[in-house]
Structures are given as structure tokens and as C-alpha cells.
Amino acid sequence: MEANRVPLSPISFLNRTADVFPHKAAVLVGDGSRITNSEFRTRTTRLANGLIAMGLNQGDRVAVLAPNDLQLLEAHFGVPGAGCVLVALNTRLSSREYSQILADALPRVLIVDQTLLAGIEDAATTIPSIERMLVVHSESGAGTVDEDYEQWLSSAAASESLRLPKHEDQPIAINYTSGTTGRPKGAVYTHRGAYLNALGQALGMGLDSSSVFLWTLPMFHCNGWCMTWAVTATGGLHVSLRAFDPDRVLKIIERERVTHFCGAPVILNAMATATGGPQQEYSHKVIVATGGAPPSPTVIERMQSLGIHVRHLYGLTETYGPSLICEPQPEWSLLDVDRLAQRISRQGVRTVNVEAARVVDNTGDDVASDGETLGEIVIRSNTVMAGYFGDDIATSDALGDGWFHTGDLAVVHEDGYIEVRDRSKDIIISGGENISSIEVENVILSHPKVSDAAVVATSDEKWGEVPVAFVTLLDGESAQESEIVEWVRSTLAHYKAPKVVVFGPLPKTSTGKTQKHQLRERAAATDRINTQDQE
């Protein structure tokens with residue numbers, strides 16, 4: 001019955017917010033202009049109507065390649081408002097990678113920012129499904145294929161509200177995995193899942209109509225962890241940021257009284273070591289959500305000194321972004337920074353929208369809550385992807401038994417908080433003993449001279465595998481290999497210490513994840529492996 005059955009969709013968030021706060025700013029654009037909620041809805045309805053006028057049908061894909069700016073944000077509402085499926089593209093891929101994704105998604109329309117056009121134009125010409133290409137900030141003017149986005153948008157019809165989908169299980173977006181270990185796969189998000197995860201994010205992060213959200217996290221990454229929809233749901237303000245600069249971010253937080261932002265630890269590391277920001281605590285409360293790796297004690301201490309509260313999240317592309325949150329307990333406020341960092345380094349407990357998150361052994365039974373027994377994290381939730389686009393076999397492998405298998409190995413502590421110890425593929429097996437690369441990384445990251453670290457395995461004739469550490473030092477610091485090795489040995493069993501330490505920057509994906517496959521290749525080429533006896 002229509003009275004008690006309306007499709008759940010984040011589209012309804014914008015409709016409500018534009019009705020309730022029509023004159024309140026929705027987006028602070030990079031040029032300093034402000035777009036009200038009413039104006040934002042008008043733009044998104046023009047986008048939706050323009051796509052429909054092109055002849056696009058329900059389920060057709062629209063790919064968007066753009067930085068964190070107004071056009072990508074409005075695509076999160078306008079594209080699904082036309083019944084189409086948004087494919088937000090990573091801004092730092094190669095032409096070959098764009099060709100792979102476009103050939104898989106087969107979009108009918110490509111919207112691309114002028115600054116990113118050169119990287120995808122050749123790839124786009126090889127995909128016959130692409131009928132129109134709209135260029136944001138176009139320098140070439142309108143044409144038959146290469147059209148100026150703003151001119152096209154202004155010519156489309158405006159309407160008062162965006163259309164809800166007929167069915168809430170319709171796809172709203174396809175998000176491609178990073179592809180660091182293989183060919184990217186497209187995780188299909190539904191309107192229902194996006195709606196629920198956005199509300200879970202809003203609750204977990206404490207968003208409301210006074211919130212000011214700074215876009216340090218790429219919107220293309222899991223649709224900005226669904227913050228694209230969550231901030232609008234609460235009537236908050238989006239502050240666009242086309243490129244990340246730590247000094248600028250610190251100043252924007254102060255100037256615009258930013259209350260929330262998100263990012264991988266590499267973002268926090270850069271801010272912690274920046275020199276251009278404020279040297280004293282902000283006068284207002286700021287929350288930063290981070291995920292991908294535990295924040296180091298040094299970073300937490302620096303963030304605290306600025307009045308920035310760190311919230312640790314865990315999730316995957318397949319779970320619409322965050323599915324675990326390290327909920328702070330009241331007594332944690334009494335802990336010193338090292339003990340607080342230890343608590344925050346745990347990935348935590350399920351978010352409010354996740355029905356169940358477990359850590360299981362190879363028989364499917366829950367592991368003991370002893371903080372030691374390893375198992376795999378499995379998740380059951382309305383916010384698990386519908387499947388991999390066009391790949392039934394991979395979908396069955398991931399979801400076949402009624403749980404999403406993350407491939408992440410973790411322990412459960414006595415208080416029920418989950419702590420990730422490694423990816424199943426990243427466990428180092430040395431002399432028959434399992435070494436958690438994350439455990440070793442955390443110890444290295446606690447060294448006062450270290451800003452970033454990654455540990456990988458390399459083959460060894462005697463032990464099978466041994467750990468190799470790649471370490472980035474803080475600016476102006478220097479250290480010897482022996483110093484790092486002894487630091488690890490002072491905390492962990494000696495056999496867990498790296499046999500080689502390589503200093504320098506770590507290769508990262510555009511979402512801040514360390515590309516360990518590249519480090520494994522570098523480690524395999526290292527001829528200094530010292531196969532000393534394990535102690």
C-alpha cells in the first residue's frame with residue numbers, strides 16, 4: 001500500500017532539505033560562491049531531466065570523472081533522479097585502467113572535468129556505448145560529442161522535486177574496487193543500501209543542520225563513504241575541495257568552522273606535520289573519521305592538540321564504506337595518549353545500520369573474545385553490495401553463504417571490539433609462525449621519527465618468508481635501519497622484526513591505501529635479506 005510502503009532512496013534527503021532549509025547554503029564552491037539548497041535541487045533536477053531528454057532509460061550508466069566539486073556532488077542526486085546509475089571514477093587512474101572500467105560499466109554518458117579530460121579522452125573514444133561527453137569548465141565550447149556541461153544543464157528543464165525510484169532495490173551506483181591486487185570489480189549499490197548507510201553515517205558522526213563538512217575524502221571513493229548523501233540528509237553544508245593541501249585544509253577548518261572531515265591516515269599524517277596551520281586548539285569541536293589503517297599515537301596527539309577528535313572506521317567498497325566504528329567509551333577520556341591510541345586503533349563495533357559483524361574461524365564459528373585468536377571478518381547487512389556488476393561468479397564467491405567475506409583477519413577483544421590484524425593475503429608465515437604485518441607496522445609507527453610504514457613479506461630459503469619494512473620518516477628526521485629493527489624488537493618477538501628496512505615515500509592509491517603489491521615487488525628485488533636465526 002502506498003500509505004506505508006515508499007521506496008527508500010537518498011534522493012528524498014535533498015527533497016526534504018530543500019523544502020525545510022530552502023535558503024540555507026548547501027554547497028560552498030571552490031570559487032567562494034554558495035549554492036542554496038533550493039538552487040542545488042534545481043540543478044540536480046535539471047541534470048535528471050536532461051539525461052531523460054537524451055533518451056536514457058532506467059539502469060543506464062552515467063560515468064563522472066571530476067574532483068570534489070559541485071558537479072560531482074550534484075551527480076549523486078541528479079543521475080539516480082533520472083533512474084540511471086552513477087559510476088564515479090577515480091581521478092588518478094591511467095588510460096588503460098579507465099578503458100577497463102568503461103568497458104565493464106558501458107556508460108551511455110560521460111561527464112568529465114576539463115582538468116581531467118586528457119587522461120580519459122582516448123579511453124572514452126574506444127567505448128562504443130558512450131554517446132555523449134559533457135565537459136565541466138569546457139575550454140572548447142559546445143559540440144556534438146564534446147559539450148559544455150553548464151550550457152547543457154541550463155537548457156534542461158527544471159522541476160520542483162526529484163523522482164524517487166520505482167523500487168528501492170534498483171542500483172543507484174557502481175563503485176569499482178581499487179584493483180591493487182587484480183582487475184577492478186564493480187560493487188553495485190542500491191537506493192535502499194545508500195539510504196541506510198547514509199543515515200548510519202549521520203548518526204555515527206553526529207551530523208546535524210549546523211554541521212560543516214569539508215571534502216578531504218574523494219567523493220568517488222564509496223560515494224564519499226556515503227557522506228555525499230548523509231550531509232544533505234541533515235541539512236549540513238558541503239565545503240568542496242578540488243585538491244588536498246594540508247596547510248590550506250587547516251586554515252579552512254578555522255575560517256569556515258568546519259565540524260567534520262574524513263580521510264585515510266595519509267591525510268592525517270600530512271596535517272599532523274604541516275606547518276602552515278594554527279598552532280593552538282580550534283575554538284570549536286572538530287571530528288575527523290579515518291580508515292584504512294590505524295592512526296598512529298603521534299597523529300592522534302597532534303590532532304588532539306588542535307581539538308580534532310579522531311573517529312576510527314572500517315569498511316570496504318563492498319559495504320558502502322564504513323561498517324564498523326570505534327565508538328568512544330566515556331572512560332577513554334581519562335586515558336593518556338598512548339593508551340587512547342591503542343583503543344582508537346581498534347576498528348570497533350558495527351555501525352547502527354549493520355545487522356551483524358562477526359569474526360569467524362574456518363568452520364564458520366565465532367572466535368574467542370580473547371584478543372588473540374585470529375579469524376575472518378564477515379558481515380551481514382542491508383548495506384552490503386547487491387553484487388559485482390556483470391560477475392555472477394565473483395558475487396557468489398563473496399556472498400554465497402549469506403555473509404560477505406571481507407578477507408580481513410581480526411581478533412575480538414573481551415569488550416567485543418574488533419581489531420583487524422591483517423588481510424589474509426598479507427599475513428607473513430615465517431618458520432611456520434604467523435606474523436601480522438599490521439602488528440609490526442603499528443610498532444614502527446609508534447617510533448617518534450616515523451610518519452608512515454608498511455611491512456610486507458619476501459621469500460627466504462630458510463624461513464619461507466621474512467618481513468621487510470618500508471618506512472617514511474618525518475620531515476627533517478633521520479634514522480638507521482638498526483634503530484627501527486631494535487625498536488620493533490623491544491616490543492615484539494625478535495623473529496617479527498624486519499630483516500630489511502627501506503626508507504622513503506610509500507606508493508599510495510588515490511584513496512590513501514598503501515600499494516603493497518608494489519612493495520612486494522621491491523622487496524623481492526632486494527638482495528640484502530639477512531636470514532639470521534629467529535630468536
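Structure's up top.
An account of the accompanying structure is given in this report. A quick note: this is a predicted structure, and the numbers were derived from the prediction, not measured.

Looking at the packing of aromatic side chains
Enumeration over the complete set of coordinates arrives at six aromatic pairs. Between the aromatic rings of phenylalanine 13 and tyrosine 195, the centroid separation amounts to 4.9 Å while the plane-to-plane angle is 25 degrees, which identifies the pairing as stacked. With phenylalanine 13 in helix α1 (residues 11-20) and tyrosine 195 in helix α7 (residues 191-205), the pair connects residues that are 182 residues apart, well separated along the chain. Overall, the relative accessible area of 7% leaves phenylalanine 13 in the buried class. Aromatic side chains tyrosine 149 and tryptophan 152 sit 6.1 Å apart centroid to centroid with 40 degrees between the ring planes, which places their arrangement in the tilted category. Here tyrosine 149 pairs with tryptophan 152, and both are found in helix α6 (residues 149-155), just three residues apart, close to one helical turn.

Thoughts on the nonpolar core
If you look at the biggest cluster of nonpolar residues, it comprises 82 residues, and the most contacted ones within it are Phe40, Leu47, Leu51, Val62, Ile111 and Met227. With near-sequence residues (within four places) excluded, leucine 47 lies in contact with Glu74, Ala75, Gly78, Val79, Ile111, Tyr149, Trp152 and Leu153. Core analysis: the next-biggest nonpolar cluster, separate from the first, contains 34 residues, Leu250, Leu268, Leu306 and Leu340 among them.

Some details on the pairing of strand β13 (residues 286-290)
Taken across its five residues, β13 has five buried, putting it largely inside the fold. A two-sided burial pattern is seen for β13, the buried positions comprising Val286, Val288 and Thr290 on one face and Ile287 and Ala289 on the other. Sheet analysis places strand β12 (residues 260-263) next to β13, joined by four bridges and oriented parallel. Following the sheet pairing, histidine 260 is matched in β13 by isoleucine 287. Here β13 runs beside strand β14 (residues 308-316); their pairing, made up of five bridges, is parallel.

A short note on the pattern of salt bridges
Taken as a whole, this structure holds 19 salt bridges when the rule is applied. In this structure, the salt-bridge partner of arginine 43 is glutamate 74, at a minimum N-O distance of 2.7 Å. Linking arginine 43 in helix α2 (residues 37-53) with glutamate 74 in helix α3 (residues 70-81), this pair joins segments that are 31 residues apart in sequence. In terms of burial, arginine 43 and glutamate 74 fall into one category: buried. Salt bridges linked by common partners bring Arg5, Glu168 and Arg192 together as one network.

Topic: the environment of glycine 400
As for its position among the elements, glycine 400 is in the loop between α14 (392-399) and β20 (404-412). When its relative accessible area of 58% is taken as the criterion, glycine 400 is described as exposed. Remark: the alpha-carbon pair of glycine 400 and alanine 493, spanning 93 residues in sequence, is separated by 39 Å.

Structural notes on the packing of α1 against α7
One can describe the packing of α1 onto α7 by two numbers: an axis separation of 9 Å at closest approach and a directional angle of 55 degrees. With respect to α7, the axis of α1 lies oblique. Together, Ile11, Ser12 and Phe13 of α1 and His191, Tyr195, Ala198 and Leu199 of α7 make up the contact between the two elements. For the contact of α1 with α7, a count of residues per class yields five nonpolar, two polar and no charged.

Digging into unusual backbone geometry
Backbone geometry places asparagine 223, a non-glycine residue, at a positive phi of 50 degrees. For asparagine 223, the position within the fold is in helix α8 (residues 222-225). Classification of asparagine 223 by relative accessible area gives buried; the value is 0%.

Describing the packing of α1 against helix α9 (residues 227-234)
Contact geometry for α1 and α9: axes closest at 8 Å, N-to-C directions at 30 degrees. The angle between α1 and α9 places the two elements in the roughly parallel class. Crossing of α1 over α9 shows left-handed handedness. Contacts between α1 and α9 involve Phe13, Leu14, Arg16 and Thr17 from the first element and Trp229, Thr232 and Ala233 from the second.

Focus on the layout of surface pockets
When its volume is computed, the second largest pocket comes out at roughly 690 Å³. Taken together, 29 residues line the second largest pocket, and the ones lying closest to its centre are Pro297, Asp338, Gln342, Ser345 and Asn442. Those elements that place two or more of their residues in the lining of the second largest pocket are α12 (297-305), α13 (337-344), β21 (418-423) and α15 (437-445). Of all the elements, α13 adds the most residues to the lining of the second largest pocket, at six residues. Broken down by class, the residue content of the lining of the second largest pocket amounts to 12 nonpolar, nine polar and eight charged.

What counts as what
- Residues numbered from 1 in each chain as written.
- Predicted model: local features only at pLDDT ≥ 70, side-chain atom pairs only at ≥ 80, totals over all residues.
- Heavy atoms only, no water.
- Phe/Tyr/Trp six-rings, centres within 6.5 Å; stacked < 30°, edge-to-face > 60°.
- Helix = DSSP H or I, 4+ residues; strand = E, 2+ residues; numbered from the N terminus.
- Buried < 20%, exposed > 50% of the residue type's maximum accessible area, 1.4 Å probe, protein only.
- Core = buried A, V, L, I, M, F, W, Y, C linked by side-chain atoms within 4.5 Å.
- Contact = heavy atoms within 4.5 Å.
- Pairing = 2+ DSSP bridges.
- Salt bridge = Lys/Arg side-chain N within 4 Å of Asp/Glu carboxyl O.
- Axes fitted to C-alpha atoms, helices over the stretch in contact; angles between N-to-C directions.
- Parallel < 35°, antiparallel > 145°, perpendicular 65-115°, else oblique.
- Nonpolar A, V, L, I, M, F, W, Y, C, P; charged D, E, K, R; others polar.
- Left-handed = near helix turned anticlockwise from the far one by under 90°.
- 1 Å grid on protein atoms, 1.4 Å probe; cavity = no way out; pocket = protein on both sides within 12 Å on 5 of 7 lines; lining within 4 Å.
- Points joined across faces, edges and corners; volume = space filled by probe spheres on them.

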